[in-house]
Amino acid sequence: MADSDPTTLALLNYYCRQNLYHHVQTVAQDAIKKYGHDPVLIFYRALGMLNEERIPEAMRELQQIKDREEVQLCSIMALIIAHKRSKNIDKEAIVELDAKLKEQRRSAGEKALYFAGLYLLHGSRNDKAREYIDRLLKINPQSREGLTLRGWIDLTSEKEQVAKKAIRFFEEADTQHDIEWLFGKAKYFELRQKYTVSLDLVNQIIALNITFVPALVEKMMLLLALKEW
């Protein structure tokens, strides 16, 4: 699913960035009905539960997928957080998970590193997310997914000088029919107050998928900024 439906992933990532975790669960659940029990979708559903403090439910979901290669690292990270937030903290389980995380990290592939970086970004741990995606880009410097996510990591940095450099990664990715890439680049130019450029990119998203609600919302905000309402 992660490869075949980038629009759903872009929607899930948008709701994560907005901290709308009930929406994350709803979108993930609808996609699971369509695609079956895809581990990436289960992870997003668990992430939504975890951020709504539905700890036992999130842990059950994460236990199902913690050995699936593409989501192994992010699932173990999320399980560690879930255990730490539990009413009865299982310190032994945390130690075991931490050891497993260190072991799996040594041999992690591109997908595992990508979703680990994405999870860390959604947890506002940009510096740690950058470490994982830089490792991915050492394996595959041309990874468009990796470059796009690296752009998002810098774009959402609290350091202005770092955020300014995000455009380099979006330019290197140059995947013009990818919603996550277009949205990231549009957000970059919006933050630089280049609203016309940003609007053009948002219009490209709408042309790709007119039902992608975040693009319609973003277009409305840009038109307000341009005073074209």
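Before any of the text, the structure's been laid out above.
Residues numbered from 1 in each chain as written. Predicted model: local features only at pLDDT ≥ 70, side-chain atom pairs only at ≥ 80, totals over all residues. Heavy atoms only, no water.

(A) Just the nonpolar core, in detail. Residues L12, F43, Y44, L73, Y119, L149 and F212 are the most contacted members of the largest nonpolar core, which totals 79 residues. Once you skip the residues sitting within four places of it in the chain, F212 turns out to touch T7, A10, L11, I179, F183 and I205. (Core = buried A, V, L, I, M, F, W, Y, C linked by side-chain atoms within 4.5 Å. Buried < 20%, exposed > 50% of the residue type's maximum accessible area, 1.4 Å probe, protein only. Contact = heavy atoms within 4.5 Å.)

(B) Region of the structure containing the packing of aromatic side chains. Tallied over the entire structure, the rule returns eight aromatic pairs. Here F183 and F212 contribute two aromatic rings whose centre-to-centre distance is 6.3 Å and whose plane-to-plane angle is 85 degrees, an arrangement assigned as edge-to-face. Taken together, the residues span a long stretch of sequence, with F183 in helix 12 (residues 179-191) and F212 in the loop between helix 13 (195-208) and helix 14 (213-225) at a distance of 29 residues. On the accessibility criterion, F212 (4% relative accessible area) is buried. Ring geometry for Y188 and F189: centres 5.3 Å apart, planes at 85 degrees, overall edge-to-face. With a relative accessible area of 13%, F189 lands in the buried category. Taken together, the aromatic side chains of Y14, Y15, F183 and F212 make up a single cluster linked through ring pairs. (Phe/Tyr/Trp six-rings, centres within 6.5 Å; stacked < 30°, edge-to-face > 60°. Helix = DSSP H or I, 4+ residues; strand = E, 2+ residues; numbered from the N terminus.)

(C) Region of the structure containing unusual backbone geometry. Look at D174: it is not a glycine, yet its phi comes out positive at around 40 degrees. Here the phi dihedral of Q193 falls at roughly 65 degrees; this positive angle occurs in a residue that is not glycine. Looking at the element boundaries, Q193 is found in the loop between helix 12 and helix 13. Given a relative accessible area of 58%, Q193 falls into the exposed group.

(D) Region of interest: helix 6 (residues 91-106). The terminal C-alpha atoms of helix 6 lie 23 Å apart, and with 16 residues this matches the ideal 22 Å at 1.5 Å per residue to within 8%. For helix 6, the full list of buried residues reads A93, I94, L97, L101 and Q104. End-on view of helix 6: buried residues confined to an arc of 95 degrees, all on one side of the axis. Those residues of helix 6 that are exposed and angled more than 90 degrees off the buried face are K91, E92, V95, E96 and R106. Structurally, helix 6 contributes buried residues whose contacts are with helix 5 (72-85). The N-cap residue of helix 6 is D90: its side-chain oxygen and the backbone nitrogen of E92 are 3.3 Å apart. (Expected span 1.5 Å × (residues − 1). Arc of directions from axis to C-beta. Polar contact = N/O pair within 3.5 Å; in protein donor to acceptor, adjacent residues only side chain to side chain.)

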